[in-house]
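Architecture at a glance
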Amino acid sequence: MKLKKNVAVSETGFLFNPSTGDSYSINPIGMDIVNMMHEGRSKDEIKRRIMADYVCDESTFEKDFYDFTLMLRNYKLLEENA
Amino acid sequence: MHKPRYTIAVTGLNAIDSPGPGLAVIRALRAATSFQVRIIGLSYEALEPVIYLHDQVDKTYQIPYPSAGQDVLFERIAYIRSREGAIDFLFPNFDAELYNFIKLEQRLASALGIRMFLPTAEQFDARHKVQLYEFGSKHGLDVPFAKAVFSVSEVEAAARGIGFPLAVKGKYYDASIAYNADQAKQYFNKINAKWGLPVLLQQFVTGTEVNVCGVGDGKGNVIGAVPMRKLYITDKGKAWAGITLDDEELVRITGKMVQETNWRGPFEMEFVKSADKYYLLEINPRFPAWCYLTVGAGQNQIEAVVNLAMGVEVEPFDDYKKGTMFIRYANDLIVDIKEFEKISTEGEL
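All residue numbers refer to position in the chain's written sequence, counted from 1. The lettering of chains begins at A and the numbering of ligands begins at 1, in the order of writing. For this predicted model, a pLDDT threshold of at least 70 governs which residues receive local features, and a threshold of 80 or more governs which side-chain atom pairs are given and counted, while totals over whole chains, interfaces and linings are taken from all residues. To get the side-chain values, take all heavy atoms of the structure and skip hydrogens and water.

**A word on the overall build of chain B**
We apply this condition: In this description a helix means any DSSP run of H or I spanning at least four residues, a strand means any run of E spanning at least two, and both kinds are numbered starting from the N terminus. Throughout, a contact is declared for two residues whenever any of their heavy atoms are within 4.5 Å. Method for areas: the Shrake-Rupley scheme with a 1.4 Å probe, in which residue coverage is limited to the protein chains shown. Only four residue types enter the tally: Lys and Arg on the positive side, Asp and Glu on the negative side, with His and both chain ends excluded. For this purpose, a charge sits on NZ of Lys, CZ of Arg, CG of Asp or CD of Glu.
On a plain count of helices and strands, chain B comes out with 11 helices and 14 strands. Taken along its principal axes, the extent of the C-alpha atoms in chain B is 60 × 45 × 40 Å. At a minimum sequence separation of 6, the contacts of chain B that also span at least 24 residues come to 65%. For chain B, the accessible area works out to roughly 15,600 Å², and carbon and sulfur atoms hold 49% of it. Computed over 38 positive and 43 negative side-chain charges, the inter-centroid distance for chain B is 1 Å.

Take a look at the structure:
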């Protein structure tokens, strides 16, 4: 699961898609996930890190991660084959 | 390095809610690095705001409306040139005046030494809204089906053939979306009264509005092309904010149009992106009001057009800064009534 190469992510959580001109603000936990996606980390690695850094059980992570990535896909921010 | 100083005349000084491109063109000319400028404003009405922007326009003259004809326009330009000593280049910026200027291009150059860099009359006619569907079919561009209508009695049958909703468009400006035959007739009458015939009924395509501002060199080469998405659209459909896009497909389509038509001069292509398909809605044969964004993105296309006309070698731009935004703003100028009086009575300021 990878973000498109040309999607720009700032340190403040501002995400810009130059293909569509759309921009988004994401919160700190979203930033962590997006940064790990940018680094090419797997879903399991992301899960481990998030559960270690935040108070979060596995089922909550699974549900919220699914919602988050669905949103990224709907906004066409993920690579098509990811 | 010695920079030439050009006197450049510019129309489209109506920086209003549906703005002419004049102010953006002037700002781009003043930002040019290869020449310096003296700007002559050419106005139609005394309340065009840019007339009074003295840090942008050095002198303004009123010119006759396009309906007065080419000879009257030529005489007025000849008078202005005699007052100014020289006019090196002229930027017409309105659709409605372009035909006269295209027809006068050779005459203004040979008799008065005033250069322009405009599409040919054939290019101008071929991309006209009324012909755009055929233009698209000929050049392999997707264009929504459209039909030109010359009488209100034709509207209902034509509209039902296209289906609702549909866009009702004036031949130069204005567009409204009609959801039934009554609305279509109402908009036909309104647009006919303002812009004349024909009125265009066009298949309505929903999606994201994206535009390209570009320049062709007349030999099939793109000198510059910058795609932009409107971020804020006024109730008149004008971009009040926009952002440059990273869109290779739009640049490719633009290149195809320029190559196939040998387009000469500036243009704006208006598209709707619907399900990853680009539908061409219009080609405007001039710079758009947002053309200063091209300067901000690293392509001073306006400067390039002047240099092309002056015979200076122009390297095509090969890149632009993606994610560059423009946000338009409104401002109030304080004007001494003597200035308004002067332009109103003497036709000069």
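Next comes the rest of the description.
**Concerning the packing of aromatic side chains**
Residues and elements named next belong to chain B. Filter applied, for reference: Note on ring pairs: Phe, Tyr and Trp rings are taken, using the six-membered ring of Trp, and paired if centres are within 6.5 Å. Classes follow the plane angle, with under 30 degrees stacked, over 60 edge-to-face and the rest tilted. Relative accessibility decides the category of a residue: with a 1.4 Å probe and only protein chains considered, values under 20% of the type maximum give buried, values over 50% give exposed, and everything between is partly exposed. A ring is scored as having a charge over it whenever the NZ atom of a lysine or the CZ atom of an arginine sits within 6 Å of its centre and within 35 degrees of its normal.
Throughout the structure, instances matching the rule amount to 11 aromatic pairs over all chains. On the basis of an interplanar angle of 65° and a centroid distance of 4.9 Å, the ring pair of phenylalanine 89 and phenylalanine 91 is categorised as edge-to-face. Given the relative accessible area of 1%, phenylalanine 89 is considered buried. Exposure remark for phenylalanine 91: the relative accessible area of 3% places this residue in the buried category. Members of the aromatic cluster, connected to one another through ring pairs, are Tyr44, Tyr65 and Phe94. The positively charged end of arginine 107 is found above the aromatic ring belonging to phenylalanine 74, 3.9 Å away from the centroid. The positively charged end of arginine 127 is found above the aromatic ring belonging to phenylalanine 124, 4.6 Å away from the centroid.

**Examining the domain arrangement of chain B**
The line we're drawing: Source of the domain bounds: an automatic or database domain assignment.
Taken domain by domain, chain B comprises domain 1 (5-116 + 332-346) and domain 2 (145-203). The C-alpha-based centres of domain 1 of chain B and domain 2 of chain B are spaced at 33 Å.

**Describing the packing of helix α1 (residues 28-38) of chain A against helix α3 (residues 58-74) of chain A**
Relative orientation and spacing of two packed helices are given, respectively, by the angle between their axes and the distance between those axes. All names here are of chain A. What counts, and what does not: Interaxial angle, 0 to 180 degrees, is taken between N-to-C directions of lines fitted to C-alpha atoms, where a helix line uses only the stretch in contact. Roughly parallel refers to an angle under 35 degrees, roughly antiparallel to one over 145, roughly perpendicular to one between 65 and 115, and oblique to any angle outside these ranges. Helix crossings fall into two classes, left-handed where the near helix is turned counterclockwise from the far one by less than a right angle and right-handed where it is turned clockwise. Polar here means any residue other than Ala, Val, Leu, Ile, Met, Phe, Trp, Tyr, Cys and Pro, which are nonpolar, and Asp, Glu, Lys and Arg, which are charged; Gly is therefore polar.
Where α1 contacts α3, the axes come no closer than 12 Å and their chain directions differ by 65°. In this view, α1 runs roughly perpendicular relative to α3, as classed from their interaxial angle. Handedness of the crossing formed by α1 with α3: right-handed. Here α1 contributes Gly30, Ile33, Val34 and Met37 to the contact with α3, which in turn contributes Phe65, Phe68, Thr69 and Leu72. Within the contact of α1 with α3, the residues separate by chemical class into six nonpolar, two polar and no charged.

**Some remarks on unusual backbone geometry**
With an omega of -5°, the peptide bond running from B:Phe164 to B:Pro165 counts as cis. Along the chain, the position of B:Pro165 falls in the loop between α6 (152-162) and β6 (166-169). Following B:Leu197, the chain continues into B:Pro198 via a peptide bond in cis, with omega recorded as -5°. Here B:Pro198 lies in the loop between α7 (181-195) and β8 (199-203). Positive phi outside glycine occurs at A:Lys76, with the angle close to 60°.

**As for helix α3 (residues 95-112) of chain B**
Residues and elements named next belong to chain B. Short version of the rule: Throughout, bend refers to the angle between the axes fitted to the seven residues that end at a position and the seven residues that start at it.
Taking the largest bend as the criterion, α3 deviates by roughly 55°, centred on leucine 104. Taken together, the buried positions of α3 are Asp95, Glu97, Leu98, Asn100, Phe101, Ile102, Leu104, Glu105, Leu108 and Leu112. Two residues or fewer past α3, glycine 113 is found with a positive phi of approximately 70°.

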